[in-house]
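# Residue-level structural notes
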Amino acid sequence: MRTYKEVLEDGIHLLDAAAIEEAGLDAWLLLEYAADIKRAWYYAHMDEILDKKTESRYLEMCAKRAQHIPLQHITGSQEFMGLEFLVNEHVLIPRQDTEVLVEEALEMMKQEIFRSKGCLQLLDMCTGSGCILLSVMHYAEQEGIFIEGTGVDFSEQALMVAQKNEKHLRSTKKDEKGKVNWILSDLFENVSETYDMILSNPPYIRTAEIEKLQDEVKLHDPFSALDGKEDGLYFYRKIVTDAKQFLKTGGVLAFEIGYDQGKEVSDLMKKAGYDKVFVKKDLAGLDRIVCGVYY
């Protein structure tokens, strides 16, 4: 029989030996999940005996993490914009970088041109887990902005995850009013409506660069959610061109981009006739989103 502290130390050692970045943090997060405890409780009870069943479950999780399986695939969830999203191998794990796109969309929606519409039509292209669409809708409603949202993905498995996230989030906030539609489509192929705003975090990593990524990403995130083809711009070209017929007059197109793609994506949008194109940086000072308006 061993204590919480001893078992945690075993987890840290196991992950450290497997060269897991932030081994201590991941070992703790897995213990928090497996034992259903919080840090304050742990410090008050670390010398107490951990039951054998929980210890075994915890060490099994650590063994999986030692194989560079993402922490989020083991726990089945990831926090994004302060909300919990269910994730698995069929969707890209939500990243903090993507929160910049959500935050900018919410700021733009506060403009009078959008507020005066009553209910906004929002499309999230390449929706994956649905984290962008559902986060925008959740926080917009808190500002009195109501949205009819549409999430589009070519992966049926991804849309199943997004639908589960919609159900999960709305089970905790039953008064949300905005309607959500999910469309199985290769980009705009099965889209027929027009929208006030189109958001997208498309695949944008150059194919040759994927092999250089961490094992957690290249082996466990869906390849199709990473691969932006040879120059990383394939999906930007397609969406920039096709989105024009699906945007209402004065509608906004906003992308997440790679840190070195700001100028290229901006130029694509300007050449396609978008106005007021701008690039916004993330907290690290790197180019992260590009936005433009189409009239």
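This report concerns the structure included in the present document. (Residues numbered from 1 in each chain as written. Predicted model: local features only at pLDDT ≥ 70, side-chain atom pairs only at ≥ 80, totals over all residues. Heavy atoms only, no water.)

## A word on the packing of helix α1 (residues 4–17) against helix α4 (residues 52–66)
It is the contact of α1 with α4, at a shortest axis distance of 9 Å, that shows an interaxial angle of 15°. As judged from the angle between their axes, α1 and α4 are roughly parallel. Two packed elements cross with a definite hand, and for α1 against α4 that hand is right-handed. Seen from α1, the contacting residues are Val7, Leu8, Asp10, Gly11, Leu14 and Leu15; seen from α4, they are Glu55, Tyr58, Leu59, Cys62, Ala63, Arg65 and Ala66. Considering only residue class, the contact of α1 with α4 consists of nine nonpolar, one polar and three charged. (Axes fitted to C-alpha atoms, helices over the stretch in contact; angles between N-to-C directions. Helix = DSSP H or I, 4+ residues; strand = E, 2+ residues; numbered from the N terminus. Parallel < 35°, antiparallel > 145°, perpendicular 65-115°, else oblique. Left-handed = near helix turned anticlockwise from the far one by under 90°. Contact = heavy atoms within 4.5 Å. Nonpolar A, V, L, I, M, F, W, Y, C, P; charged D, E, K, R; others polar.)

## What about unusual backbone geometry?
Of note in this structure, glutamate 22 is not a glycine but carries a positive phi near 55°. Within the fold, glutamate 22 resides in the loop between α1 and α2 (23–35). Its identity as a non-glycine residue notwithstanding, lysine 276 has a phi of 55°, on the positive side. Here lysine 276 falls in the exposed class, since its relative accessible area comes to 54%. (Buried < 20%, exposed > 50% of the residue type's maximum accessible area, 1.4 Å probe, protein only.)

## Description of α2
Under the 1.5 Å per step criterion, the end-to-end length of α2 is 18 Å for 13 residues, consistent within 8% with the ideal 18 Å. Along its buried surface, α2 packs onto α1, α3 (39–45), α4 and α5 (71–75). Just downstream of α2, aspartate 36 is the residue with a positive phi angle, here 55°. (Expected span 1.5 Å × (residues − 1).)

## Examining the pattern of salt bridges
Applying the stated criterion across every chain, the model contains 20 salt bridges. With its nearest N and O atoms 2.8 Å apart, the salt bridge here joins arginine 95 to aspartate 221. Of this pair, arginine 95 sits in the loop between β2 (83–86) and α6 (99–109) while aspartate 221 sits in the loop between α11 (215–218) and α12 (223–226); the two residues are 126 residues apart in sequence, bridging distant segments of the chain. Residues lysine 218 and aspartate 215 are paired through a salt bridge, measuring 3.7 Å at the closest nitrogen-oxygen approach. In this pair, lysine 218 and aspartate 215 are both assigned in helix α11, three residues apart and thus about one turn of the helix distant. What emerges from the salt-bridge pattern is a single network uniting Arg2, Asp10, Lys52 and Glu55. (Salt bridge = Lys/Arg side-chain N within 4 Å of Asp/Glu carboxyl O.)

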